[in-house]
Amino acid sequence: MPTREGVSPSCVSLPGGGWPTFTDFLVQRFPEISREVWLQRMAVGAVMDEFGEPVTPQRAYRGHMRLYYYRALPPEIRIPFDEELLFQDEHLVVVDKPHFLPVTPSGHYLQETLLVRLKNRLGLDGLSPIHRIDRETAGIVLFSVKPQERAAYQDLFRQRKVDKRYEAIAPWRADITFPRVRRSRIVEGQPFFRQAEVDGPPNSETLIALLETRSTLARYGLNPVTGKKHQLRVHMYALGLPIVNDRVYPPLDPTPEDDYRFPLQLLAQAISFDDPFTGQRRQFSSKRRLDLPVSDSGF
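Criteria and thresholds
Residues numbered from 1 in each chain as written. Predicted model: local features only at pLDDT ≥ 70, side-chain atom pairs only at ≥ 80, totals over all residues. Heavy atoms only, no water. Core = buried A, V, L, I, M, F, W, Y, C linked by side-chain atoms within 4.5 Å. Buried < 20%, exposed > 50% of the residue type's maximum accessible area, 1.4 Å probe, protein only. Helix = DSSP H or I, 4+ residues; strand = E, 2+ residues; numbered from the N terminus. Contact = heavy atoms within 4.5 Å. 1 Å grid on protein atoms, 1.4 Å probe; cavity = no way out; pocket = protein on both sides within 12 Å on 5 of 7 lines; lining within 4 Å. Points joined across faces, edges and corners; volume = space filled by probe spheres on them. Nonpolar A, V, L, I, M, F, W, Y, C, P; charged D, E, K, R; others polar.

Asks: Before we move on, could you go through the nonpolar core and cite the residues and values that matter?
Replies: What tends to happen in soluble globular proteins is that the nonpolar side chains get buried as a cluster. By size, the foremost hydrophobic cluster in this structure holds 32 residues, and its most contacted members are Phe 143, Tyr 220, Leu 222, Met 236, Leu 241 and Leu 266. Elements supplying a minimum of two residues to this core: β5 (92–97), α3 (114–122), β7 (138–144), β8 (163–171), β12 (217–224), α5 (231–238) and β13 (266–274). Residue contacts for Leu 266: discarding those within four places in its chain leaves His 99, Thr 137, Ala 138, Tyr 166, Glu 167, Ala 168, Leu 222, Leu 232, Arg 233, Ile 243 and Leu 290. Among the nonpolar cores identified, the runner-up in size contains 15 residues, and Val 12, Phe 25, Ile 33 and Val 47 belong to it.

Put into C-alpha cells, the structure is as follows:
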C-alpha cells in the first residue's frame, strides 16, 4: 500500500471468527481506539483490505485476510531540531540525527520522526532504517533505499561486520582504569522501557576508552560489539558513570519530560563497513560534537 504524507499503513491479520462487521472486529482488537475514530478513518478511505478495496462501516466480516489502516494522531508539536543529510546514492541514505528525534513512528510520534521526515523530503516511499539509535541519542543513522536490499545491510550488523563508534560525556573517576571492556547480561527491566543488568551469561559487550578529562567530567569513546537496547547507557551507569543528562539511568520515578536545554550527552559519532552491493568501504562521521564544559555547571 502507498504511503500517505510519508507514513506507511499498519497491517492487521484477520482470524476466523463471528464478528458481524470489520468495524466490530477492529473495535474489539484495538480497545484503545474508539468506534468513532474507526468510522472517521473509514470515511476518508484510511482503512482498506489487502486488495486495496476500502472498508466501509457495515462491510461484513471476512477472516483469513489482512486489513491496512493509516494511523492518525492529533497535530504534533514539531521537534525543533533538524536532521542533516550526509550521503545519498541508489543504495543508501545516511543522516546525522539530532537529539530528541525518534527514528521511526511509535507512541505519539508519527510525522515528527526521522523516517517520515526523510520520506517526505526525499520522496522515497521504500526508505527503511537499517539500524536504530535511541530517540535521545544524536548521530549517524543508515537507511536502505531499496526494500529488497535492507536485509543484506542488516546482516552486516548481525554478523558484527560494522564498526560503530560513539562518544559520551560522563563523570570521571580516578579509581576506574581505561581502556576496559564491559560484558554483562542485559534484559528488559521495570518499567518496560528500562533495561537492567542481571546475573547470567553475557549478551552484551562494549569497549570503553577515556579520550579527555576536565575537572570531574570526561569524554569517553564507546565501541559497542553487540547491539542491545540502551546498552551504552546501561554499561556506563553500571560502572558508576551515568551519561550526562540521562533521564532513565539512574532510574527516576516518574521519568522527567524532555527538556531541550539538556540533551543526552551521547553521540553516534562514526560508522564504517564494506558495502555488500558496491564492494566499497563505507565510512561516515557525524558533524555534531559533544563539548566538555569549562566547568561542571556547564550542562
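Alright, that's what it looks like, and here's the rest.
Asks: Outline empty space enclosed by the protein, supporting the account with residue identities and numerical values.
Replies: Under the defined criterion, the tally for this structure stands at 2 cavities of 30 Å³ or more. In this model, the largest cavity occupies a volume close to 50 Å³. His 131, Ile 133, Ile 140, Lys 164, Arg 165, Tyr 166, Ala 268, Gln 269, Ala 270 and Ile 271 together form the lining of the largest cavity. Considering every element that reaches the lining of the largest cavity, the biggest residue donor is β13, with 4 residues. In this structure, the second largest cavity spans a volume of roughly 40 Å³. Forming the walls of the second largest cavity are Phe 100, Glu 136, Arg 233, Asn 245, Asp 246, Arg 247, Phe 262, Pro 263 and Leu 264. In terms of residue class, the lining of the second largest cavity is built from 4 nonpolar, 1 polar and 4 charged.

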